[in-house]
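# Inside the fold
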Amino acid sequence: MSVAKNKKRSKPSFSFKDERIPGLWGLFFLFLAFYCFLAFVSYLFTWQDDQDAVLRFSIALLLDSDAEIANILGRLGAITSNFFFYFLFGLPSFALCYVFYLVGRQLIIKKPLSQLSEKLFYITIQVLFFSVLLAFLFNGFSFPMGGGFGTMVSDWLVRFLGQVGTFFLFLFIFLSRFLWYLNPPMARSEEHTSELQSQR
């Protein structure tokens, strides 16, 4: 009788509080990062072949086994990469793979996702900035370098500031970032000189 009770107690049960669940989610995000990376790289070479099909996207395309898709990851890979490249951020969409990797690694090592908040914020800002910058620099290219978001914001800036004004805006942002984060040697040497003079 006691043996039967022990067998019942040792029977595995599923629980959302199981400590292995975050590890499974982490593994999922790592595979998702790898999947998106392969789809995005393939998109760089096959976007022209697949664009007609994915721009007319419908649920039927996902179910149509006869649809000819050149993307290495098939219909879903072509649709996913086209969505991020054509409609969203263009080349900076590759940062999404890095974000998925960071989230997956954080879950696997069982660290809180809140530790990534600052890094994810800066990645988001850079994706938005470079999306607009690439759309401005490569305006007229058939390949969606900055995606739909970048093109929309870039066109608005050009209408508001003009080509030259928009160029100087990007130049100002770049130089400001350089001075703020990198602190060039010239600025440090001037600061050191001023300290020596104050000591005298």
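Note that the coordinates shown come from a computational prediction; the quantities given were computed from them, not determined experimentally.

Helix and strand content of the protein: eight helices and zero strands. The order of helices and strands in the protein, counted from the N terminus, is α-α-α-α-α-α-α-α. For the protein, buried positions account for 30% of its 200 residues. A separation of at least 24 residues holds for 64% of the contacts in the protein among residues at least 6 apart in sequence. Carbon and sulfur atoms make up 67% of the accessible area of the protein, which amounts to about 14,200 Å² in all.

The next subject is the packing of helix 2 (residues 21–55) against helix 5 (residues 95–108). Interaxial distance between helix 2 and helix 5 falls to 7 Å at its minimum, and their mutual angle equals 160°. Regarding the angle of helix 2 to helix 5, the classification is roughly antiparallel. Crossing of helix 2 over helix 5 shows left-handed handedness. Counted together, Pro 22, Gly 23, Trp 25, Gly 26, Leu 27, Phe 29, Leu 30, Leu 32, Ala 33, Cys 36, Phe 37 and Phe 40 of helix 2 and Leu 96, Cys 97, Phe 100, Tyr 101, Val 103, Gly 104, Arg 105, Leu 107 and Ile 108 of helix 5 form the full contact between these two elements.

A few words on helix 4 (residues 74–88). If you check helix 4, its first and last C-alpha atoms are 20 Å apart, about what 15 residues at 1.5 Å a residue would give, namely 21 Å. Of all bends in helix 4, the biggest is about 25°, found at Asn 82. The set of residues buried in helix 4 consists of Gly 77, Ala 78, Ile 79, Thr 80, Ser 81, Asn 82, Phe 84 and Phe 85. Two residues or fewer after helix 4 comes Gly 90, characterised by a positive phi angle close to 70°.

What follows covers the side chain of Gln 51. Topologically, Gln 51 is positioned in helix 2. We classify Gln 51 as buried; its relative accessible area is 15%. Filtering out sequence-adjacent residues up to four positions away, Gln 51 remains in contact with Asn 82 and Tyr 86.

Turning our attention to the packing of aromatic side chains. A full pass over the atoms with the stated rule returns 24 aromatic pairs. Ring plane angle 40° and centroid distance 6.4 Å describe the contact between Trp 25 and Phe 29, whose orientation is recorded as tilted. Of this pair, Trp 25 and Phe 29 are both found in helix 2, four residues apart, which corresponds to roughly one turn of the helix. Taken together, the ring pairs in this structure connect Phe 37, Phe 40, Tyr 43, Trp 47, Phe 83, Phe 84, Phe 85, Phe 94 and Phe 143 into an aromatic cluster.

For the pair helix 6 (residues 117–137) and helix 7 (residues 147–182), interaxial distance at closest approach is 9 Å and the crossing angle is 125°. Considering their axes alone, helix 6 and helix 7 lie oblique with respect to each other. Note on packing geometry: the crossing formed by helix 6 with helix 7 is left-handed. Class assignment of the residues belonging to the contact of helix 6 with helix 7 gives a composition of 15 nonpolar, seven polar and one charged.

Here helix 7 is 36 residues long, yet its end C-alpha atoms lie only 29 Å apart, well below the 52 Å a rise of 1.5 Å per residue gives. In the structure, helix 7 departs most strongly from a straight axis at Leu 161, where the bend amounts to approximately 105°. Of the positions making up helix 7, those classed as buried are Gly 147, Gly 150, Ser 154, Leu 157, Thr 166 and Phe 170. Looking at the buried residues of helix 7, the elements they touch are helix 4 and helix 6. Residue Asn 183 follows helix 7 closely and has a positive phi angle near 50°.

Inspection of every chain in the model, using the stated rule, returns zero disulfides. The structure places no disulfide on Cys 36, whose sulfur is separated from the nearest cysteine sulfur, that of Cys 97, by 5.4 Å.

Moving on, we come to the nonpolar core. Counting residues in hydrophobic clusters, the biggest one holds 22 residues, and the most contacted among them are Phe 40, Phe 100, Val 103 and Phe 143. Sorting the residues of this core by element identifies helix 2, helix 4, helix 5 and helix 6 as the ones contributing at least two each. Residues Ala 53, Leu 61, Ile 69 and Ile 79 belong to the second largest nonpolar core, which totals six residues.

So, how was this worked out
- Residues numbered from 1 in each chain as written.
- Predicted model: local features only at pLDDT ≥ 70, side-chain atom pairs only at ≥ 80, totals over all residues.
- Heavy atoms only, no water.
- Helix = DSSP H or I, 4+ residues; strand = E, 2+ residues; numbered from the N terminus.
- Buried < 20%, exposed > 50% of the residue type's maximum accessible area, 1.4 Å probe, protein only.
- Contact = heavy atoms within 4.5 Å.
- Areas by Shrake-Rupley, 256 points an atom, 1.4 Å probe, with all protein chains shown as cover.
- Axes fitted to C-alpha atoms, helices over the stretch in contact; angles between N-to-C directions.
- Parallel < 35°, antiparallel > 145°, perpendicular 65-115°, else oblique.
- Left-handed = near helix turned anticlockwise from the far one by under 90°.
- Expected span 1.5 Å × (residues − 1).
- Bend = angle between axes of the 7 residues up to and from the residue.
- Phe/Tyr/Trp six-rings, centres within 6.5 Å; stacked < 30°, edge-to-face > 60°.
- Nonpolar A, V, L, I, M, F, W, Y, C, P; charged D, E, K, R; others polar.
- Disulfide = S-S within 2.5 Å.
- Core = buried A, V, L, I, M, F, W, Y, C linked by side-chain atoms within 4.5 Å.

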